[in-house]
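# Structural features, examined
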Amino acid sequence: MYLRTLYKYKKWLFWLVTIVIVIQGIIFLKQGAVATPFFNYGMYSEKIPYLDNYPVYKIYANGKLLQGNDFSIQGWDRIYVPLLKFEGKDTVNAEMIDIRNRLLYKLRLGSLDRKNAHFENPDFDDQDFYSWYRQYLSCVTGVSVNDLLIVKQDYQWNGSRLLPGDSLVIWPTIP
Amino acid sequence: MEWKQTPSGGLPGDLANDPLIRRQQTRVIYLYLLITILLFFDRWLNGMLLTQLQPSFFVNQMNVTMWGQMLTGIHEVFINNPNACKWADALLLLLPLVYTALHLKNKVSLKLATGLGILIFNFVYVQCYVVYPSNSIEGHIGWLIFPVVLLCHNPVKFSLALRFIRYALLYFFVSAGLWKIRNAGLFYPDQMSATILYQHTALLVTAPDSFLSSAYYWLAGHSVISYLLYLAATLLELAFVIGFFTVKADKILLLLFFVFMITDILVMRIKYWEISYLIIPLFFSTKEIFSIRPSR
């Protein structure tokens, strides 16, 4: 009905909306990369099993463990997500750069992969990140963070609680 | 409906000047502005403005359009650059204010140019914002596509654009339900218990004795009840399919939208208010502005 109305009104509008629907349909069926503003809304739709280990980054600022319930939802995300992304090596993305370069070659735009510099964080190592993160935490928590300790610890689910397992100090690194 | 007269008694060709249609168009724009202001202050209060995020690094995502934008290097402009972040945040609020003022002053050309500016700016802003550790891009769909309505002054086009946004909302929910069937999450009895553990691990570990952690532990330990929540959410999402056939249930869909948003905050600790732009048509689907049909 809507498409018929568009067709009667302006044919170009009809074709525009039809193309939008087709692209969204392809994105839905292909189930891979998306293209703004065409997304897939499959959040938590894949089977999520219980894990053997639940790794957690514990953040100690000035010797005090930061607790999730002391912050708003987004406040906690603001603290935790940058650490998660950095330690998850999402800043490197070698695999994604490879996928993108293959796509560029398919589109005969191979020379563009020279612009990879724009896809890589320049000179951003652990020292840079944690130096920035300490200052950032000071802003977020409103307390000057002089001493920062990050511990990664595995937890196991026993059916009613998460029990602590092995832990490793991530920052500061021991020389 | 095809009017022989405009709602206020004018000729059909004079819809743009019909007081009732004009008033309803203005209300749509007011609602757009109100949502923009609320979302802006929500971000500000939660430290989620670009300025407050203080981007210092970015992450790549599987998004072809985003790669195209990143080739320009524009996302690097905001890295360690508080002034650029401040300007971008200011424009996020200022452009809709300017658009509304131009609409009220009836400066059509300038208004449409600003509408185009909002469309382009939001597109660039959102694609930069989500490459820094912030939020998912999917939730920003309203920011990205609602400005299409702002490109329309002609009431017929305005009405068609509003209906397009309404279909986008319906697709958002229905496809989310379909994905849960397609990816088989719906057929896995432990899905929601395991999801809660996965989603709230850091909270459960750092604040194990808090009320929230107790509630999440209880849900994680009661798979059947958790699964029923997941099933209910899926059914709620699929219920939006009715909107493809009638506008009569739009008020119920509006209610379901708020139920979904609040439940998502309580159970998953995910705020999805950014998509609120998409519900604007639901407020107007029984009004004249929504039922304008082009004459042959």
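## Thoughts on the pairing of strand E3 (residues 148-157) of chain A
- The pairing of strand E1 (residues 54-61) of chain A with E3(A) spans eight bridges and is antiparallel. Along E3(A), the bridge assignment pairs A:Tyr54 with A:Tyr155.

## Some words on a nonpolar patch on the surface
Residues and elements named next belong to chain A.
- On the surface, Tyr 7, Trp 15, Ile 19 and Ile 23 cluster together into a nonpolar patch covering about 400 Å² of accessible area.
- Of all the elements, helix H2 (residues 11-30) adds the most residues to the nonpolar patch, at three residues.
- Relative to the elements of secondary structure, Trp 15 occurs in helix H2.

## Thoughts on the sheet that holds strand E2 (residues 64-65) of chain A
All names here are of chain A.
- Spatially, four strands are ordered E2-E1-E3-E4 in an open sheet, and the strand pairing comes out antiparallel. Strand pairing shows two members of the sheet lacking a second neighbour, E2 and strand E4 (162-171), which therefore form its edges.
- Bridge count for E3 against E4 is seven bridges, and the pairing is antiparallel. Looking at E4, one finds that Ile 150 is bridged to Trp 171.
- Relative to E3, helix H5 (residues 126-141) is tilted by about 95°, and along the sheet it contacts E1, E3 and E4.

## A look at the domain arrangement of chain A
- Taken domain by domain, chain A consists of domain 1 (1-45) and domain 2 (54-171).
- Distance between the C-alpha centres of domain 1 of chain A and domain 2 of chain A: 34 Å.

## Describing the interface of chain A and chain B
- Taken together, the contact pairs 76 residues of chain A with 84 residues of chain B.
- Carbon and sulfur atoms supply 66% of the area buried between chain A and chain B, which totals about 7400 Å² over both sides.
- On inspection of chain A and its partner chain B, the count reaches one salt bridge.
- B:Asp209 is paired through a salt bridge with A:Arg161; the nearest N and O atoms lie 3.9 Å apart.
- The tally of links between chain A and chain B comes to 31 residue pairs in polar contact (both at pLDDT 80 or more).

Cut-offs used in this document
Residues numbered from 1 in each chain as written. Chains lettered and ligands numbered in written order. Predicted model: local features only at pLDDT ≥ 70, side-chain atom pairs only at ≥ 80, totals over all residues. Heavy atoms only, no water. Pairing = 2+ DSSP bridges. Helix = DSSP H or I, 4+ residues; strand = E, 2+ residues; numbered from the N terminus. Patch = residues over 30% accessible without salt bridge, like charges linked within 9 Å, V, L, I, M, F, W, Y side chains within 5 Å. Areas by Shrake-Rupley, 256 points an atom, 1.4 Å probe, with all protein chains shown as cover. Salt bridge = Lys/Arg side-chain N within 4 Å of Asp/Glu carboxyl O. Contact = heavy atoms within 4.5 Å. Axes fitted to C-alpha atoms, helices over the stretch in contact; angles between N-to-C directions. Domains from an automatic or database assignment. Buried area = accessible area lost by both parts, 1.4 Å probe. Polar contact = N/O pair within 3.5 Å; in protein donor to acceptor, adjacent residues only side chain to side chain.

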